[in-house]
Amino acid sequence: MATSNNTQQKYDKISELKAFDDTKGGVKGLIDGGITKLPQIFIHPHDSLKKIPKNSNFIFPLIDLQNININNKEIVKQIQEASETWGFFQVINHGIPVPVLDEMLRGTRRFHEQDIDVRKPYYSRDVARKVMYNCNFELFSEKSFAADWRDSLYSVMAPDPAKPEELPETCREIIIEYSNHVMKLGYTLVELFSKGLGLKPNHLKEMGCAEGLGILCNYYPKCPQPELALGSSRHADSDFFTVLLQDDIGGLQVLHKNQWVDVPPIHGALIINIGDILQLISNDKYKSVDHRVLANKIGPRISVASFFSTGLLESSRIYGPIEELLSKDNPPKYRATTLKDFFEYSSKKGFDNNSNLSHYKI
Ligand code: OGA
Ligand code: NI
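As annotated in an unreviewed UniProt entry, the protein carries the name Fe2OG dioxygenase domain-containing protein and is attributed to Solanum verrucosum. Quoted straight from UniProt, the Sequence similarities (unreviewed entry) entry for the protein says "Belongs to the iron/ascorbate-dependent oxidoreductase family."

Right under this line is the structure:
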């Protein structure tokens, strides 16, 4: 009997997800429709939300990149330490003008707040598309606990970028301008990451770690019952590294020493985090750390995540622990994989609080 009950529940969940997805209006559409109670598909099981305590005593790493150059030993050391312990840090004086950041946030908001009929043509789950808008890439993943209370616009910006006319008019110019800035910052970061690993400065660059860029423009509407939902479920990023821009509302939390730590919003700053693939190729020296975003009664909250992966998703390029980092005492901890395989595995698995990396552990 239990089995048939479960099957019935699963069936209902899938049809509810499908009905919601078919509206092509995302969470924003629900709010515009005036809902006051959270639909079941967004409700997390109680214990997945409450188990881990929050700690407000840790100081989230903040690194000043003023006068940055790769021979600046102090900055290299700060980035290395943060990458090894937190897997996350915030940077100021990173070279991207603050008005560009502000306009990127405004452009994201403009896209998500335009009429549903203008948004709808972008709504898709076709990964072959270079520009798409949807609510939860992982909406139909098998193991995800619940759908995230957020909508996102995704654009591939390097190495084979979306054509300008494919980008929504409301944010076209700023996405292009912002991506150009983020690419430059990405090249600086991979040099610093390489140095921090004791490799030659262009090692990660030559591996293609800053070649591919995907920009995710997130919109987290206000939530009628924020204690039951999450804006982003607990996850680690499955890229090399991520550059995140957030507005001043807050809600991003990072798991540090098994406690949730708030990432304080700082106007003009950017958050950098290590992704799964950089943890894999650094053989666990750098950490890809779980994070999540709380849902909030206040909103919308806007954020823009820039994911660095390889542009050669379809290629057979293989990534494993970097040979120069290995020794008799430090044997490879992971088997090599293509990024295509890694992404396919992680998106099928969904957000179930388990690391994607464990699947590749030796
Ligand atoms: C992500 C992410 C955090 C945020 O998109 O992977 O972690 O603040 N976003 O939106
Ligand atoms: Ni993330």
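J.: Whenever I open this one, the pattern of salt bridges confuses me. Can you help?
T.: In total, this model carries 13 salt bridges according to the counting rule given. Among the ionic pairs, Arg109 bridges to Glu113, the shortest N-O distance being 3.0 Å. A residue pair is termed a helical-turn pair when its members lie 3 or 4 positions apart in one helix, as Arg109 and Glu113 do in helix α5 (residues 98-113) at four residues. Residue Asp290 is joined to Arg234 by a salt bridge in which the shortest nitrogen-to-oxygen separation is 2.7 Å. Residue Asp290 is found in the loop between α9 (276-281) and β11 (291-294), and its partner Arg234 is found in strand β6 (residues 230-235); the two are separated by 56 residues along the sequence. For Asp290, a relative accessible area of 16% corresponds to the buried category.

J.: Please clarify how helix α7 (residues 172-196) should be interpreted in this entry.
T.: Along an α-helix, residues three or four apart share an orientation, since each turn contains 3.6 residues. Compared with an ideal rise of 1.5 Å per residue, which puts 25 residues at 36 Å, α7 spans 36 Å between its outermost C-alpha atoms and is within 8% of the ideal. Downstream of α7 by one or two residues, Gly198 has phi in the positive range, about 80°.

J.: I would appreciate a short explanation of the sheet that holds β11 in the present structure.
T.: Strands in a sheet are paired, the pairing made by backbone hydrogen bonds, and the direction either parallel or antiparallel. Read across the sheet, four strands follow the order β6-β11-β8-β9 without closing on themselves; strand pairing throughout is antiparallel. The open sheet terminates on both sides in strands that have one partner only, identified here as β6 and β9 (259-262). For this sheet, the mean angle separating the axes of adjacent strands, direction not counted, is 30°.

J.: Just checking my understanding: could you explain the packing of helix α4 (residues 73-85) against α7 for this structure?
T.: Axes are the key here: two packed helices are described by the angle between their axes and the distance separating the axes. Two elements in contact, α4 and α7, have axes separated by 9 Å at closest approach and are oriented at 80°. Judged by the angle between their axes, α4 and α7 are roughly perpendicular. Packed against α4, whose contacting residues are Ile75, Val76, Ile79, Gln80 and Ser83, the element α7 presents Leu192, Phe193, Lys195 and Gly196 at the interface. Residue composition of the contact of α4 with α7, by class: five nonpolar, three polar and one charged.

J.: Quick question: what am I supposed to make of the coordination of the nickel ion (ligand 2) here?
T.: Around a metal, the idealised angle for a tetrahedral arrangement of four donor atoms is 109.5 degrees; for an octahedral arrangement of six donor atoms it is 90 or 180 degrees. Protein coordination of the nickel ion (ligand 2) is provided by His235 (NE2), Asp237 (OD) and His291 (NE2), with donor distances spanning 2.1 Å. Within one chain, the residues serving as donors to the nickel ion (ligand 2) are arranged as H-x1-D-x53-H. A residue pair is termed long-range when its members are at least 10 positions apart, and His235 in strand β6 and His291 in strand β11 qualify at 56 residues. You can call His235 buried: its relative accessible area is 16%.

J.: Which parts of the structure should I look at to understand the site of ligand 1?
T.: Neighbouring residues of ligand 1: 14 residues in total, closest Tyr220, His235, His291, Arg301 and Ser303. A distance of 3.2 Å is found between an oxygen atom of ligand 1 and a side-chain nitrogen or oxygen belonging to Arg150. Take Arg301: an N or O atom from its side chain is 2.8 Å from an oxygen atom of ligand 1. When ligand 1 sits alone it has 290 Å² of accessible area, and the protein chains cover 96% of it. Elements with a minimum of two residues in the shell around ligand 1: β5 (212-220), β11 and β12 (301-309). If one sorts the elements of the shell around ligand 1 by residue count, β12 sits on top with four residues.

Rules behind the numbers
Chains are numbered independently. Their residues run from 1 in the order of the written sequence. Working convention: letters from A go to chains and numbers from 1 go to ligands, in the order in which they are written. Only residues with pLDDT of at least 70 are given local features in this predicted model, and only at 80 or more are side-chain atom pairs given and counted; all residues enter the totals for whole chains, interfaces and linings. Where side-chain values are given, they derive from all heavy atoms of the structure, hydrogens and water being excluded. UniProt positions are given in the numbering used here, feature names are shortened, and annotations may be inferred rather than shown by experiment. Salt bridges are defined by distance alone: a side-chain nitrogen of Lys or Arg within 4 Å of a carboxyl oxygen of Asp or Glu. Runs of H or I in DSSP of at least four residues are treated as helices and runs of E of at least two as strands, each being numbered from the N terminus. For each residue, the accessible area found with a 1.4 Å probe, counting protein chains only, is set against the maximum for its type, and the residue is called buried under 20%, exposed over 50%, and partly exposed in between. Any helix carries an expected span of 1.5 Å times its number of residues minus one. Two strands pair if DSSP finds at least two bridges between them. Note on definitions: angles span 0 to 180 degrees between N-to-C directions of axes, and those axes are lines fitted to C-alpha atoms, for helices only across the stretch in contact. Between 65 and 115 degrees an angle is taken as roughly perpendicular, under 35 as roughly parallel, over 145 as roughly antiparallel, and anywhere else as oblique. Any pair of residues with heavy atoms lying within 4.5 Å of one another is described as a contacting pair. In this classification, the charged set is Asp, Glu, Lys and Arg, the nonpolar set is Ala, Val, Leu, Ile, Met, Phe, Trp, Tyr, Cys and Pro, and all remaining amino acids, among them Gly, are polar. Shown as donors are all N, O and S atoms within 2.8 Å of a metal ion, widened to 3.2 Å for Na, K and Ca; because water is not in the atom set, sites may appear incomplete. We call a residue near a given molecule or strand whenever any one of its heavy atoms falls within 4 Å of it. Pairing of N or O atoms within 3.5 Å defines a polar contact, subject to two protein rules: one partner must be a possible hydrogen donor and the other a possible acceptor, and residues neighboring in sequence count only if both atoms are side-chain atoms. Surface accessibility follows the Shrake-Rupley procedure with a 1.4 Å probe radius. Residue values consider only the protein chains on display as shielding.

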